[in-house]
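Observations on the three-dimensional arrangement
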Amino acid sequence: MKMPSRTEALWKRSWRACFLFAWICLLVPSAQASTTETPTQEETEPEYGLDNVSREVSPKGRVQCPKVPMVRYEGKILRYRRPIRVYTGFQERLEKFEALVREVAIEVYGRAPKTIVHMGTYNCRRIKGYPNLVSEHGMGNGIDIAGFNFGRLGKDEVLPEGLPRRLRRGFKVRLLDHWDGKKGANKVHARFLRTLARRLIDGEEIFRVILGPSFPGHKNHFHLDCAPYTMIDVF
């Protein structure tokens, strides 16, 4: 099934939840009747390794998450503050994310962060509000990003023109504290976070679901995953 464009996925909040539920129900694999049509390559070879994995679970009792190959990952281009456990195919997406973070950080601060601060990856649970569907976290197919830790400016690194001198020292950037920054260093941090979010949305597709401060319950983190549908709600 053809995925909607990333622009088309910017739903209004008033009907977002209902439309999301409809998409999930349509895309969860189910038994199909026989047909005389020959499957296309797109139908037989899913774009992403978990596209044909059912997200349906019993609405009651202990949730049984799908068994998928997992890997312990600490980061390749950038390090995570704590090692994470993710689906093997999700690791490639994280490497692309790390490269993008590095690119934007050097542009804004003159250097990359020392660590990416996350709030969790694998967690076998249901989607809040949808007791018959497993969360992408339940397959290690999502990550929650709270912010970034930066070290001191290196001897061979240059602080971009116009930035407060205090940013030569180490500092922390957090969505909860800096997304709406208006002055001084906080304004710079807001520019970094918002530039990163905009490039995640407008650039090469890394994640299909990108949620942030404008989405209920996400004031303090970006939720990023590769579910078999597209949903974007950040600004």
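What counts and what doesn't
Once a new chain begins, its residue numbering starts again from 1 and follows that chain's sequence as written. The model is predicted, so local features are restricted to residues of pLDDT at least 70 and side-chain atom pairs to those at 80 or more, both for listing and for counting; the totals for chains, interfaces and linings are taken over all residues. Processing note: side-chain calculations cover all non-hydrogen atoms of the structure and skip hydrogens and water entirely. Aromatic contacts are taken between Phe, Tyr and Trp rings whose centres are within 6.5 Å, Trp giving its six-membered ring; a plane angle under 30 degrees counts as stacked, one over 60 as edge-to-face, and the others as tilted. Helix numbering and strand numbering both begin at the N terminus, where a helix is a DSSP run of H or I of at least 4 residues and a strand a DSSP run of E of at least 2. Exposure categories follow from relative accessible area, calculated using a 1.4 Å probe and restricted to protein chains: below 20% of the type maximum is buried, above 50% is exposed, and the middle band is partly exposed. Note on criteria: charge over ring means Lys NZ or Arg CZ within 6 Å of the ring centre, with the direction from the centre no more than 35 degrees off the ring normal. The disulfide criterion used throughout: a pair of cysteine sulfur atoms within 2.5 Å. In this description, strands pair whenever DSSP reports at least two bridges between them. A score between 0 and 100, pLDDT records how confident the predictor is in each residue. Contact criterion: two residues are considered in contact whenever any of their non-hydrogen atoms come within 4.5 Å of each other.

Moving on, we come to the packing of aromatic side chains. Geometry of an aromatic ring pair is reported as the spacing of the ring centres plus the angle between the planes. On inspection of all chains with the given rule, the structure shows twelve aromatic pairs. Both rings, one in Phe 97 and one in Phe 207, keep their centres 5.8 Å apart while their planes meet at 65°; by these two values the pair is edge-to-face. Taken together, the residues span a long stretch of sequence, with Phe 97 in helix α3 (residues 88-109) and Phe 207 in the loop between α5 (184-202) and β9 (209-211) at a distance of 110 residues. Like Phe 207, Phe 97 is buried. Arranged with centres 5.4 Å apart and planes meeting at 40°, the rings of Trp 179 and Phe 235 form a pair that is tilted. Within this pair, whereas Trp 179 is found in the loop between α4 (175-178) and α5, its partner Phe 235 is found in the segment after β11 (231-233), the two being separated by 56 residues in sequence. You can call Trp 179 buried: its relative accessible area is 6%. Across from the ring centre of Tyr 122, 4.8 Å away, lies the NZ or CZ of Arg 85, which sits over that ring.

Attention now moves to the state of the cysteines. Overall, the coordinates contain one disulfide when judged by the stated rule. Two residues share a disulfide in this structure: Cys 65 and Cys 124, whose sulfurs sit 2.0 Å from each other. The sign of the 110° torsion about the S-S bond sets the Cys 65-Cys 124 disulfide as right-handed. Here Cys 65, found in the loop between α2 (41-44) and β1 (70-73), pairs with Cys 124, found in the loop between β4 (115-120) and β5 (126-127); they are 59 residues apart in sequence, far enough to count as distant. Cys 65 sits in the buried class, given a relative accessible area of 11%.

Right, let's get into the pairing of strand β10 (residues 222-225). Because side chains alternate across β10, one face comprises the buried residues Phe 222 and Leu 224, and the other comprises His 223 and Asp 225, equally buried. Direction of pairing for strand β7 (residues 142-150) relative to β10: antiparallel, over a ladder of four bridges. Note on β10: the bridge partner recorded for Asp 144 is His 223. In this structure, β9 lies alongside β10, joined through three bridges in antiparallel fashion. By the bridge assignment for β10, Leu 211 is matched with His 223.

So, about the confidence of the model for the protein. Here the protein shows a mean pLDDT of 87. Residues at 70 or above account for 80%. Residue range residues 1-19 is modelled with pLDDT below 50. Its contacts to residues more than four positions away, or to other chains, number 37 contacts. Here residues 25-42 scores under 50 on pLDDT; set against residues more than four positions off or in separate chains, the count is 16 contacts.

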